[in-house]
Amino acid sequence: MMKNTGRRMVCFFFACLLALSLITPDPSIAQRKYRPEMLLPSHYPEVFDGYGRVDRIEGEEIVINDRLFKLSPRFSFATKTSTRAAGELLKVGDTVGFKISADSHVISLWLIEDGSGAR
């Protein structure tokens, strides 16, 4: 009787281990490098260097998904209706895609979803 219980436990353990190994997250979501599965305008890039929710904007810094980035002095901002929108329209809560320069500064931001749903 004890042998069967032990075998069942071992089989159950390996079945769970196999199931967990087959359930892996999509690496593009984990790295947040590809735009989400939604319709975006044709003037948006196919691939972003990252995307996420704007947590804070202050001076030459922006925090996206709890990561601090430096903004390029000449960064561009695009919305779904404008390729050159005023950076002042960007606000906390917006979901954005972004491109980063070789010196790790954010050079362009692309509005994916307005945090308030108004734009």
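Scroll up for the structure.
Summarised in this report is the structure supplied together with it. (Residues numbered from 1 in each chain as written. Predicted model: local features only at pLDDT ≥ 70, side-chain atom pairs only at ≥ 80, totals over all residues. Heavy atoms only, no water.)

### Some thoughts on the sheet that holds strand β4 (residues 95-100)
Either a parallel or an antiparallel arrangement is found when strands of a sheet pair, and the pairing is made through backbone hydrogen bonds. Definition in use: Two strands pair under a simple rule: DSSP has to find at least two bridges between them. Each helix is a run of H or I in the DSSP string that is no shorter than four residues. Each strand is a run of E no shorter than two, and both are numbered from the N terminus. Under this scheme, a helix contributes an axis fitted over its contacting stretch, all axes are lines through C-alpha atoms, and angles between N-to-C directions fall in the 0 to 180 degree range.
Around the barrel, five strands lie side by side as β1-β2-β3-β5-β4; this closed barrel has mixed pairing. Across the sheet, the axes of successive neighbouring strands diverge by a mean angle of 60°, strand direction being ignored. In this structure, strand β2 (residues 61-64) lies alongside strand β3 (residues 67-78), joined through four bridges in antiparallel fashion. Paired with I62 across the bridge in β3 is F69.

### Considering unusual backbone geometry
The test is simple: The cut-offs for exposure are 20% and 50% of the maximum accessible area for each residue type, with area from a 1.4 Å probe on protein chains only; residues under the lower value are buried, those over the upper are exposed, and the others partly exposed.
Phi at N65 takes a positive value of approximately 50°, unusual for a residue other than glycine. Mapping N65 onto the fold places it in the loop between β2 and β3. N65 gets classed as partly exposed once you look at its relative accessible area, which sits at 30%. Non-glycine residue S104 carries a positive phi angle of around 65°. Tracing the backbone through its elements, the reader meets S104 in the loop between β4 and β5 (105-113). Looking at S104, the relative accessible area reads 48%, which means it is partly exposed.

### Description of the pairing of strand β1 (residues 50-58)
Two elements, β1 and β4, share four bridges in a ladder whose sense is antiparallel. Opposite G50, over in β4, you have F98 as the bridge partner. Bridge count for β1 against β2 is four bridges, and the pairing is antiparallel. Note on β2: the bridge partner recorded for V54 is I64. Here β1 hands over to β2 after two residues, with G59 in that stretch at a positive phi of 60°.

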